[in-house]
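In case you want the letters, here they are:
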Amino acid sequence: QCPWGARNTTSISCSLADVMSEQLAKELQLEEENAAFPEVVATAEGPFITGENIDTSSDLMLAQMLQMEFDREYDAQLRREEKKINGDSKVSISFENYRKVHPYDSDSSEDEVDWQDTRHDPYRAAKPTTTPRKGFTGKGKDITTKHDEVVCGRKNTARMENFAPEFQVGDGIGMDLKLSNQVFNALKQHAYSEERRSARLHEKKEHSTAEKAVDPKTRLLLYKMVNAGMLETITGCISTGKESVVFHAYGGASATEDKVIPPECAIKVFKTTLNEFKNRDKYIKDDYRFKDRFSKLNPRKIIRMWAEKEMHNLTRMQNAGIPCPQVVILKKHILVMSFIGQDQVPAPKLKDVTLSSEDMKKAYYQILNMMQQLYKECNLVHADLSEYNMLWHNGKVWLIDVSQSVEPTHPHGLEFLFRDCRNVSQFFQKGGVAEALNERELFNAVSGLNITADNEVDFQAEIEALEKMNEDHVQNHGKKLSMFSSDGDPPIYNE
Ligand code: ADP
Ligand code: MN
């Protein structure tokens with residue numbers, strides 16, 4: 001006999017009801033978890049972000065929007081008091097340091113410090129800075145509409161009382177709080193959707209990939225752009241790549257920093273998920289323009305550097321007259337530029353259009369020209385040039401996607417150029433352009449170098465030798481060789 005007593009041989013019976021209730025319990029728990037920790041922020045249907053239609057389901061977002069309103073109101077009050085105290089007195093007291101939104105650093109937060117110092121292309125000589133942005137002391141719209149805003153704001157606050165009693169509005173009603181219409185509407189929408197929540201417990205929300213790709217912080221920044229009147233409507237996503245998400249937007253009426261906002265904009269949001277960028281390190285790490293900063297930066301700043309690089313490179317191209325998007329504004333990891341396309345339809349990539357043989361030939365010569373201009377006038381190598389990053393619009397080719405572009409003296413610059421040449425010449429040779437140079441000829445034509453190797457391997461070897469020579473020169477002299485003179489006879493690799 002077993003010392004531990006008789007073995008229990010009866011199998012545990014399990015009724016169908018038990019199984020089902022267990023499943024039900026699991027489902028309920030999942031549901032609850034999903035509600036408590038939504039994987040993504042949901043948006044209302046229709047346009048992605050507009051003045052009226054903003055994401056109201058994220059508490060963080062709402063809180064931040066409210067905070068923005070509070071801060072604005074607080075600062076306005078501060079200004080009024082400052083004025084009252086100072087009056088006509090010759091000595092005045094400034095409350096500047098007590099302001100919530102500092103005029104020179106309106107986006108302040110722990111890691112939002114230094115894009116301001118980098119607005120200018122580090123390669124170019126710094127231009128004399130223009131007058132600093134004045135926070136809220138500006139004239140015009142801001143002030144004239146203020147009264148309406150205040151009155152209307154108070155009304156909105158009072159109207160909050162109409163929300164369902166369960167809906168927490170905090171101390172807002174007791175205080176003399178003025179809500180802007182936008183915030184009020186957001187809160188209203190939120191309140192209503194809260195009311196409906198129980199009714200649609202089983203309703204599964206649909207999340208587009210675009211929404212998945214954008215975190216609340218990015219959303220807030222986008223919202224701010226709309227709120228500032230810079231953008232009218234962010235209509236939706238036109239591309240989700242590994243490293244970026246691109247949105248289409250209609251430009252707003254307000255011009256910032258003397259810039260006219262194009263009627264249609266593309267917003268490139270560089271993804272803040274880091275792993276995807278690892279393989280891009282080589283482009284930026286060795287780019288001497290960013291060398292000093294690279295080591296000191298945290299990963300988020302490195303991502304911002306990509307956006308910044310794209311901005312500088314686009315500006316150079318624009319200055320050289322190369323067809324490319326025009327930079328509108330850079331905010332952290334978000335680059336707003338002009339939209340290549342029309343009525344929300346982006347221009348097709350070269351790989352997706354069927355061109356007549358005449359247009360094909362025209363496109364080829366245009367690209368050859370642009371590559372030379374890029375190299376000689378912009379001192380840049382695209383480094384990701386292919387039919388994927390060229391758009392066909394208004395009968396010509398537009399270059400995009402230049403965040404990874406480097407200067408030719410980048411330690412791998414010539415290799416990148418060779419790869420670009422290979423892509424271009426293969427595309428056009430396959431596309432039936434008889435005149436298309438092969439990749440080696442194209443390389444020489446663009447760089448002005450005269451590498452004579454007649455096969456791929458030797459050619460590549462010579463390229464690497466040149467790069468090495470340049471690097472050695474850096475080691476010994478602490479600076480790069482200039483690779484070409486301005487009048488276009490380039491091969492000055494040997495001193
Ligand atoms: P990625 O690094 O994801 O390739 P791109 O800059 O190439 O980023 O943009 C992705 C896609 O978004 C492009 O292929 C193009 O279709 C679209 N796109 C990007 N910028 C613009 C723009 N300024 N105008 C129109 N479409 C654009
Ligand atoms: Mn691309």
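If you're wondering where the values come from, they're calculated on a predicted model, not measured in any experiment. Once a new chain begins, its residue numbering starts again from 1 and follows that chain's sequence as written. Written order decides the labels, with chains lettered from A and ligands numbered from 1. At least 70 in pLDDT is required for a residue's local features to be given in this predicted model, at least 80 for side-chain atom pairs to be given and counted, and no such filter applies to totals for whole chains, interfaces and linings, which use all residues. Note that water and hydrogens are dropped before the side-chain values are worked out from all heavy atoms of the structure.

Caption draft 1: Geometry of the nonpolar core. Residues belong to one nonpolar core when they are buried, are Ala, Val, Leu, Ile, Met, Phe, Trp, Tyr or Cys, and are joined through side-chain atoms within 4.5 Å. Burial status follows relative accessibility: with a 1.4 Å probe on protein chains alone, a residue under 20% of its type maximum counts as buried, one over 50% as exposed, and anything between as partly exposed. In terms of nonpolar packing, the biggest core is built from 59 residues, with Leu350, Ile367, Met371, Phe428 and Phe443 touching the most fellow members. To qualify as a helix, a DSSP run of H or I must reach at least 4 residues; to qualify as a strand, a run of E must reach at least 2; elements of each kind are numbered from the N terminus. Broken down by element, this core gets its largest block of residues, 9 residues, from helix H11 (residues 357-376). Domain segmentation is taken from an automatic or database assignment of domains. Looking at which domains feed residues into this core, each of domain 2 (213-346) and domain 3 (348-482) gives three or more. If we skip the residues at most four places from it in the chain, Phe428 touches Leu350, Met360, Ala363, Tyr364, Ile367, Val433 and Ala436. With 21 residues, the next largest nonpolar core counts Met225, Val226, Met230 and Ile234 among its residues. Two residues form a contact once any of their heavy atoms are found within 4.5 Å.

Caption draft 2: The site of ligand 1, seen in detail. Contacts to ligand 1 come from 17 residues, most closely from Ser244, Lys268, Ile340, Lys349 and Asp401. Between N or O atoms, a polar contact is any pair within 3.5 Å; within protein, one atom must be a potential hydrogen donor and the other a potential acceptor, and residues adjacent in sequence are included only when both atoms are from side chains. Here an oxygen atom of ligand 1 sits 2.9 Å away from a polar atom, N or O, in the side chain of Ser244. At 3.0 Å, a backbone N or O of Ser338 approaches a nitrogen atom of ligand 1. Elements represented by at least two residues in the shell around ligand 1 include exactly strand S2 (231-240), strand S3 (244-251), strand S4 (264-270) and strand S6 (334-338). Side-chain classes are defined by residue name, with Ala, Val, Leu, Ile, Met, Phe, Trp, Tyr, Cys and Pro counting as nonpolar, Asp, Glu, Lys and Arg as charged, and the others, Gly among them, as polar. In terms of residue class, the shell around ligand 1 is built from 9 nonpolar, 5 polar and 3 charged. When residues are assigned to domains, the shell around ligand 1 turns out to be shared by domain 2 (213-346) and domain 3 (348-482), each giving three or more. Each residue is tested against the molecule or strand, and it is near if at least one of its non-hydrogen atoms lies within 4 Å.

Caption draft 3: Spotlight on the coordination of the manganese ion (ligand 2). Sodium, potassium and calcium take a 3.2 Å donor cutoff, other metals 2.8 Å, and in both cases only N, O and S atoms count; water is not among them, so sites may look incomplete. With distances of 2.2 Å, the protein atoms coordinating the manganese ion (ligand 2) are Asn389 (OD1) and Asp401 (OD). Separated by 12 residues along the polypeptide, Asn389 in the loop between H11 and strand S9 (390-393) and Asp401 in the loop between strand S10 (396-399) and helix H12 (413-430) bring together distant segments of the chain. Classification of Asn389 as buried rests on a relative accessible area of 8%. For Asp401, a relative accessible area of 18% translates into the label buried.

Caption draft 4: Examining the sheet that holds S6 more closely. In short, DSSP must find at least two bridges between two strands for them to pair. With respect to topology, 6 strands assemble into an open sheet ordered S1-S2-S3-S4-S6-S5, the strand pairing being antiparallel. Edge positions in the sheet fall to strand S1 (49-50) and strand S5 (327-331), since each has one partner strand and no second. Across 2 bridges, S1 lies against S2 in antiparallel orientation. Counterpart to Ile49 in the pairing with S2 is Ile234. For helices, the fitted axis covers only the stretch in contact; all axes are lines through C-alpha atoms, and the angles between them, taken along N-to-C directions, range from 0 to 180 degrees. Here helix H10 (residues 299-320) sits on the sheet and contacts S4, S5 and S6; the angle it forms with S5, its principal contact strand, is near 160°.

Caption draft 5: Main features of the pairing of S4. In terms of burial, S4 is a largely internal element, 7 of the 7 residues being buried. Direction of pairing for S4 relative to S6: antiparallel, over a ladder of 5 bridges. By the bridge assignment, Ala266 is partnered in S6 with Met337.

Caption draft 6: Molecular detail of H11. Each helix should span, by expectation, one fewer than its residue count multiplied by 1.5 Å. The end-to-end C-alpha distance of H11, which contains 20 residues, comes to 29 Å, matching closely the 28 Å that a straight helix rising 1.5 Å per residue would cover. What H11 keeps buried is the set Met360, Ala363, Tyr364, Gln366, Ile367, Leu368, Met370, Met371, Gln373, Leu374 and Tyr375. Looking at the buried residues of H11, the elements they touch are H10, S9, S10, H12 and helix H13 (439-447).

Caption draft 7: Geometry of the side chain of Gln366. Mapped onto the elements of the fold, Gln366 is located in helix H11. Take Gln366: its relative accessible area is 18%, and that puts it in the buried class. Within polar-contact distance, the side chain of Gln366 engages the backbone nitrogen of Val397 at 2.7 Å. Discounting residues that sit within four places of it in the chain, Gln366 has contacts with Pro323, Lys396 and Val397.

Caption draft 8: Just the pairing of S5, in detail. Among the 5 residues that make up S5, 5 are buried, leaving the element largely enclosed by the rest of the structure. Across 4 bridges, S5 lies against S6 in antiparallel orientation. Pairing of Lys331 across the sheet is with Ile334, part of S6. As consecutive antiparallel partners, S5 and S6 are separated by 2 residues, and within that stretch Lys332 has a phi angle of approximately 55°, a positive value.

Caption draft 9: Representation of helix H7 (residues 216-227) within the structure. With 12 residues, H7 should cover 16 Å at 1.5 Å per step; its first-to-last C-alpha distance of 16 Å lies within 8% of that length. Looking at H7, one finds that the buried residues are Thr218, Arg219, Leu220, Leu221, Leu222, Tyr223, Met225 and Val226. In the segment just after H7, Gly229 is the residue with positive phi, at about 80°.

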